[in-house]
Amino acid sequence: MASIVVVGSVNADLVARVPAHPAPGETVLADSMTVLPGGKGANQAVVAARLGGDVALVGAVGTDAFAAAAVPGLRRAGVDLSAVATVPGPTGVAMVSVDDDGENVIVVVPGANGSVDAAAVERHAELVAGAAVVVVQGEIPTTGTEAAARAATGRVLLNLAPVVPVVREVLALADPLVVNAGEAWRLLTEADRPVPEDEPFAVVEELLDLGPRSVVLTLGGAGAVVLVGSDDGGPVVVPSPLVDVVDTTGAGDAFVGALAWRLAEGDGLVAAVRTAVRVGAFSVTTPGAQPSFPIGDDELPAAHR
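The rules behind the values
- Residues numbered from 1 in each chain as written.
- Predicted model: local features only at pLDDT ≥ 70, side-chain atom pairs only at ≥ 80, totals over all residues.
- Heavy atoms only, no water.
- Core = buried A, V, L, I, M, F, W, Y, C linked by side-chain atoms within 4.5 Å.
- Buried < 20%, exposed > 50% of the residue type's maximum accessible area, 1.4 Å probe, protein only.
- Helix = DSSP H or I, 4+ residues; strand = E, 2+ residues; numbered from the N terminus.
- Contact = heavy atoms within 4.5 Å.
- 1 Å grid on protein atoms, 1.4 Å probe; cavity = no way out; pocket = protein on both sides within 12 Å on 5 of 7 lines; lining within 4 Å.
- Points joined across faces, edges and corners; volume = space filled by probe spheres on them.
- Nonpolar A, V, L, I, M, F, W, Y, C, P; charged D, E, K, R; others polar.
- Pairing = 2+ DSSP bridges.
- Axes fitted to C-alpha atoms, helices over the stretch in contact; angles between N-to-C directions.
- Expected span 1.5 Å × (residues − 1).
- Patch = residues over 30% accessible without salt bridge, like charges linked within 9 Å, V, L, I, M, F, W, Y side chains within 5 Å.
- Areas by Shrake-Rupley, 256 points an atom, 1.4 Å probe, with all protein chains shown as cover.
- Salt bridge = Lys/Arg side-chain N within 4 Å of Asp/Glu carboxyl O.
- Parallel < 35°, antiparallel > 145°, perpendicular 65-115°, else oblique.
- Left-handed = near helix turned anticlockwise from the far one by under 90°.
- Phe/Tyr/Trp six-rings, centres within 6.5 Å; stacked < 30°, edge-to-face > 60°.
- Lys NZ or Arg CZ within 6 Å of the ring centre and 35° of its normal.
- Lys, Arg positive; Asp, Glu negative; His and termini not counted.
- Charge placed at Lys NZ, Arg CZ, Asp CG, Glu CD.

K.L.:
Break down the nonpolar core for me, with residues and values.
P.N.:
Membership of the largest hydrophobic core comes to 47 residues, with the highest contact counts inside it found for Leu74, Val79, Leu157, Phe255, Leu259 and Val273. With eight residues, the single largest contributor to this core is helix H10 (residues 251-264). Discounting residues that sit within four places of it in the chain, Leu259 has contacts with Leu157, Pro176, Val178, Leu269, Ala272, Val273 and Ala276. The next biggest cluster of nonpolar side chains, apart from the first, holds 44 residues, and it includes Val116, Ala148, Ala174 and Leu208.

Right under this line is the structure:
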């Protein structure tokens, strides 16, 4: 049994480099285009495995040419793919544009990821139940996300990216709930909760009131804020190392994969986040998602002092 099981998406990333992102109705010429392996589930699994975790992935690819582009990174990283199904039809595809400042805009076509529903997850319930950490996101059907959280007997890392509706019972299993600032805004807005402006401490407190056991709010180059429901110490700020940004694609997945690895190794949440921000910072210094992830932790930038 793997100590980390990721239940999530597997995509081929079509990455275009552009001087600037187009405005609505505008056409821009790209400098280049590459096809790379991606998908939030696959990315997070690759990061955790490359850092040294024992990782299995529950997911699906299609029968088209993009399937061959989507899985090589997983195989090279040593991720157990025995629970990745091949289903008729297209593989998931993410169309990514990256501008000269390294910021990205992404459109995802789910393809085969749409088949990773409750029934697909329940076929691998024993694998999920045997993991110390189970990672789920929002790029598969909500029923699959919820089935994975319910089947878990270990720690559930719920990365609501993108934000999808999950029942409160499942949200209550999250330890932690991981979202970025934009996802936090949407989650709180859809829950009809106040969204404090530029107050990350207040944001994590509102998120915790939704029911998860702990919350991690990622803030890009500013690091992350951590709040544990059972901790009377209040929110903890974890700064990020300062690095030169080349491409932010996959940075959130790098953070989540590293967080899962350290939690599976027995770190407390704040200590795990301290490593995760370093891995996220490393990932933005190189183009692409999976190609930017570290192999081991020797190359990571020093923690922010």
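Once the structure has been displayed, the description carries forward.
K.L.:
I'd like a description of the layout of surface pockets, backed by residues and values.
P.N.:
Reported here for the largest pocket is a volume of approximately 1,100 Å³. Looking at the largest pocket, it is lined by 47 residues, and the ones nearest its centre are Asn104, Asn180, Thr248, Ala251 and Gly252. Looking at the lining of the largest pocket, the element that brings in the most residues is H10, giving five residues. Classifying every residue of the lining of the largest pocket by side-chain character gives 23 nonpolar, 17 polar and seven charged. Taken together, 13 residues line the second largest pocket, and the ones lying closest to its centre are Ala181, Pro196, Asp198, Glu199 and Val203. Among the elements that line the lining of the second largest pocket, the one with the most residues is helix H8 (residues 181-190), at four residues. Looking at the lining of the second largest pocket residue by residue, the classes come out as 10 nonpolar, no polar and three charged.

K.L.:
Residue-level account of the sheet that holds strand S6 (residues 92-98), with values.
P.N.:
Taken in spatial order, the four strands of this open sheet run S3-S2-S6-S7, and their pairing is mixed. Looking at which strands have only one partner, the edges of the open sheet turn out to be strand S3 (32-38) and strand S7 (104-109). For this sheet, the mean angle separating the axes of adjacent strands, direction not counted, is 20°. In this sheet, S7 lies alongside S6 in antiparallel orientation, the contact comprising six bridges. Following the sheet pairing, Ser97 is matched in S7 by Val105.

K.L.:
Tell me about H10, residues and numbers included.
P.N.:
Between its first and last C-alpha atoms H10 spans 20 Å; for 14 residues at 1.5 Å apiece the expected length is 20 Å, and the two agree. Of all 14 residues making up H10, 12 are buried, and the element is well covered by its neighbours. Among the residues making up H10, those that are buried are Ala251, Asp253, Ala254, Phe255, Val256, Gly257, Ala258, Leu259, Ala260, Trp261, Arg262 and Leu263.

K.L.:
Which residues make up unusual backbone geometry, and what values do they have?
P.N.:
Cis geometry marks the peptide bond from Ala161 to Pro162; its omega dihedral reads -10°. Among the structural elements, Pro162 can be located in the loop between strand S9 (155-159) and helix H7 (168-171). Cis peptide bonds are those with omega within 30 degrees of zero, and the linkage from Asp175 to Pro176 qualifies with 15°. Here Pro176 shows up in strand S10 (residues 174-180). In this structure, Asp198 is a non-glycine residue whose phi angle is positive, near 55°.

K.L.:
Tell me about a nonpolar patch on the surface, residues and numbers included.
P.N.:
On the surface, Met95, Val107 and Val109 cluster together into a nonpolar patch covering about 240 Å² of accessible area. Take Met95: it is sitting in strand S6. On the accessibility criterion, Met95 (39% relative accessible area) is partly exposed.

K.L.:
Report on the packing of H8 against helix H9 (residues 200-208), specifying residues and quantitative values.
P.N.:
As a packed pair, H8 and H9 sit with axes 11 Å apart at the nearest point and diverge in direction by 45°. Overall, the two elements H8 and H9 adopt an arrangement that is oblique. Relative to H9, the crossing made by H8 is left-handed. Between H8, through Ala184, Leu187 and Leu188, and H9, the contact on the second element is made entirely by Val203, Glu206 and Leu207. Residue classes in the contact of H8 with H9 are distributed as five nonpolar, no polar and one charged.

K.L.:
Outline the packing of aromatic side chains, listing residues and values.
P.N.:
On inspection of all chains with the given rule, the structure shows zero aromatic pairs. When the ring centre of Trp261 is taken as reference, the NZ or CZ atom of Arg262 above it lies at 4.5 Å.

K.L.:
Describe in detail a negative patch on the surface, supporting the description with residues and values.
P.N.:
A cluster of like negative charges, contributed by Asp31, Asp100, Asp101 and Glu103, occupies part of the molecular surface. Residue position: Asp100 is located in the loop between S6 and S7. Since its relative accessible area comes to 54%, Asp100 is described here as exposed.

Without other data, these values stay purely geometric and don't point to any function.
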